[in-house]
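Take a look at the letters that make up each chain.
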Amino acid sequence: MRRIDLENHFYDQSLIEALAARKEPPYYDRAADIIHWTHDIPMPQGKLLDVLLDVSQQRLAVYDRVGIDRAVLSSSSGPEQLDPEVSIQVCRATNDAIAALIRAHPDRFSGSAILPVKTVETACAELERCVKELGFVAWHTHSNYGPTAPDQPQYRPLFQTAADLGVYVYLHPQLPETARMEGLGFAFAGPSLGFTVDTMTTLMRMILSGLFDEIPNLKVVLGHLGEGLPFLLERIDNRTRFVKSDKIRCEHDVSYYFKKNIWVTTSGNMSAEAFACTKAVLGIDRMLFGSDYPFEVADDMMTFLDHVPMTQVERSQLFCDNAVNQLAVPG
């Protein structure tokens, strides 16, 4: 049974250079080895930055050790928030770096494009280049781009382009743009709560605005076992039916889109209870393997999944079959 990792992060050096040249968030303080995502929320890098920049045999050795056969490689956050012209250059350089890795190791890597979203027409052209010329399988984007977010109307052409090209969209968390997340450090504002709050808000706005009705063949993937939404789906359906609003433009219950347009990965969530809830609500056919490496210890994720009760058929669906058969990721 092969294992395909749908959430595996890296940085290209071009992004670090661009962040180091900035004085306003997001910027990289090279002397202190800290990325300042906002004025209030710094993130010390330490060894993490070295691992993100590593795309050598050392990374492949990690895959071999834990049993990852193929990784869909994507840039972590940053390029989308840069000034437009710099973002265009960094996104292209990053995508080219992924393409070089695919050429060197075609059986180990697939690519998910990072796009200069502030210039939508250019971003659409870059996605088309990545898919048609470089063979990428997805567009990797984040739950906000600073003052704007993917659910806003100006980004509709990007989702239409992804659907037309037949690739999925991986919606990854970003720090929320709200003062309510400030004052308690990066862990609170990011991985422990803020990431989930921002991503579930963005996806809900995408659904309720009618995006998936406008683009019915659009495929979106969430990490972290669905960012808490499987637990909330019944209540969301119930209350949006009960409290009517002419501002909600989707044609179906929210849960409908989780059975038609949305998949979730295991990335960064090692709760047996959360896994069981997600499986019960969505079904194993909507679930995929993601390690969230290097933001999570890959060994820990694999150990967790090895001990989750599943049949052999379900395990094969999770680790490989769903990605290959439903999202067209190479096996």
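Conventions we followed
- Residues numbered from 1 in each chain as written.
- Predicted model: local features only at pLDDT ≥ 70, side-chain atom pairs only at ≥ 80, totals over all residues.
- Heavy atoms only, no water.
- Helix = DSSP H or I, 4+ residues; strand = E, 2+ residues; numbered from the N terminus.
- Rg over C-alpha atoms; globule rule 2.2 N^0.38 Å.
- Buried < 20%, exposed > 50% of the residue type's maximum accessible area, 1.4 Å probe, protein only.
- Contact = heavy atoms within 4.5 Å.
- Lys, Arg positive; Asp, Glu negative; His and termini not counted.
- Charge placed at Lys NZ, Arg CZ, Asp CG, Glu CD.
- Core = buried A, V, L, I, M, F, W, Y, C linked by side-chain atoms within 4.5 Å.
- Expected span 1.5 Å × (residues − 1).
- Salt bridge = Lys/Arg side-chain N within 4 Å of Asp/Glu carboxyl O.
- Axes fitted to C-alpha atoms, helices over the stretch in contact; angles between N-to-C directions.
- Parallel < 35°, antiparallel > 145°, perpendicular 65-115°, else oblique.
- Nonpolar A, V, L, I, M, F, W, Y, C, P; charged D, E, K, R; others polar.
- Pairing = 2+ DSSP bridges.
- Polar contact = N/O pair within 3.5 Å; in protein donor to acceptor, adjacent residues only side chain to side chain.
- Right-handed = clockwise from strand over helix to strand, strands pointing away.

Undergrad: I would appreciate a short explanation of the overall build of the protein in the present structure.
TA: Scanning the protein for helices and strands turns up 15 helices and eleven strands. Computed over C-alpha atoms, the radius of gyration of the protein comes to 19 Å, within 12% of the 20 Å expected from 2.2 N^0.38 for 331 residues, which places it in the range of a compact globule. Principal-axis analysis of the C-alpha atoms places the extent of the protein at approximately 55 × 45 × 40 Å. Looking at the protein residue by residue over its 331 residues, the buried ones come to 57%. Once local pairs closer than 6 in sequence are excluded, the contacts in the protein between residues at least 24 apart make up 74%. Separation between the mean location of the 30 positive side-chain charges and that of the 43 negative ones in the protein comes to 4 Å.

Undergrad: Explain the nonpolar core here, please?
TA: Nonpolar side chains in soluble globular proteins tend to be buried together. By size, the foremost hydrophobic cluster in this structure holds 71 residues, and its most contacted members are W139, L203, F258 and F275. By residue number, the principal contributor to this core is helix α5 (residues 120-132), which donates six residues. If we skip the residues at most four places from it in the chain, F258 touches L203, I207, L222, L229, L233, L282 and R286. Residues I16, L49, L52 and M181 belong to the second largest nonpolar core, which totals 20 residues.

Undergrad: Please clarify how helix α8 (residues 194-208) should be interpreted in this entry.
TA: A turn of α-helix holds 3.6 residues, and therefore any two residues three or four places apart point the same way. The end-to-end C-alpha distance of α8 is 21 Å, a good match for the 21 Å that 15 residues give at a rise of 1.5 Å each. Where α8 is concerned, the buried positions are G194, F195, D198, T199, T202, L203, M204, M206, I207 and L208.

Undergrad: It is not clear to me how the pattern of salt bridges should be interpreted in this structure. Could you clarify?
TA: Oppositely charged side chains are able to pair whenever their charged atoms sit close together. Considering all chains together, one arrives at 14 salt bridges under this definition. With its nearest N and O atoms 3.0 Å apart, the salt bridge here joins R205 to D151. Here R205, found in helix α8, pairs with D151, found in the loop between β7 (138-142) and α6 (156-165); they are 54 residues apart in sequence, far enough to count as distant. Since its relative accessible area comes to 8%, D151 is described here as buried. The partner of R156 in a salt bridge is E214, with the nearest N and O atoms 3.1 Å apart. Highlighted residues: R156 in helix α6 and E214 in helix α9 (residues 211-214), separated in sequence by 58 residues. The buried category is assigned to R156, whose relative accessible area is 14%.

Undergrad: Is there a simple way to think about the packing of helix α1 (residues 13-20) against helix α4 (residues 84-104) in this case?
TA: How two helices pack is summed up by the angle between their axes together with the distance between the axes. Look at α1 against α4: their axes get within 8 Å of each other, and the N-to-C directions meet at 155°. Between α1 and α4, the crossing angle belongs to the class labelled roughly antiparallel. When α1 is examined against α4, the residues S14, L15 and A18 are found in contact with a partner set consisting of V86, V90, A93 and T94. When its residues are assigned to classes, the contact of α1 with α4 shows five nonpolar, two polar and no charged.

Undergrad: Just checking my understanding: could you explain the sheet that holds β7 for this structure?
TA: Sheet strands pair by backbone hydrogen bonding; their relative direction is either parallel or antiparallel. Strand order in the open sheet made by the eight strands is β1-β5-β6-β7-β8-β9-β10-β11, with parallel pairing throughout. Two strands lie at the open edges of the sheet, namely β1 (4-10) and β11 (287-288), each paired on one side alone. Direction of pairing for strand β10 (residues 262-265) relative to β11: parallel, over a ladder of two bridges. Residue pairing across strands places T265 opposite L288, the latter belonging to β11. The strands touched by helix α3 (residues 57-66) are β1, β5 (70-75) and β6 (109-113); relative to β1, the strand with the most contacts, the crossing angle is about 150°.

Undergrad: How do you make sense of the sheet that holds strand β3 (residues 34-36) when you look at a structure like this?
TA: As summarised here, the arrangement of the three strands in space is β2-β3-β4, forming an open sheet in which the pairing is antiparallel. Two strands bound the open sheet, and with one partner strand each, they are β2 (27-29) and β4 (42-44). The average undirected angle you get between the axes of adjacent strands in this sheet is 25°.

Undergrad: Just to check I follow, could you spell out the environment of E24 for this structure?
TA: On the secondary structure map, E24 appears in the loop between α1 and β2. In the structure, E24 is positioned 131 residues away from Y155 in sequence and 25 Å away in space, judged by C-alpha atoms. A distance of 3.0 Å separates the side chain of E24 from the side chain of H39, its partner in a polar contact.

Undergrad: It is not clear to me how the side chain of D198 should be interpreted in this structure. Could you clarify?
TA: You can see D198 is positioned in helix α8. One buried charged residue, D198, forms no salt bridge at all, with the nearest opposite charge on R205 at 9.5 Å. Sequence-distant contacts of D198, defined by excluding residues within four places in its chain, comprise S143, N144, Q174, L175, P176 and E177.

Undergrad: Would you mind going over the pairing of strand β8 (residues 168-172) with me for this structure?
TA: Successive side chains on a regular strand alternate, one facing one side of the sheet and the next facing the other. Of all five residues making up β8, five are buried, and the element is well covered by its neighbours. Burial along β8 is two-sided: Y168, Y170 and H172 and V169 and L171, pointing in opposite directions, are all buried. Across five bridges, β7 lies against β8 in parallel orientation. The partner of T141 across the bridge, within β8, is L171. The parallel pair β7 and β8 is bridged by α6, and the resulting crossover is right-handed. Relative to strand β9 (residues 220-222), β8 runs parallel, the two being bridged by three bridges.

None of this, on its own, says anything about what the molecule does.
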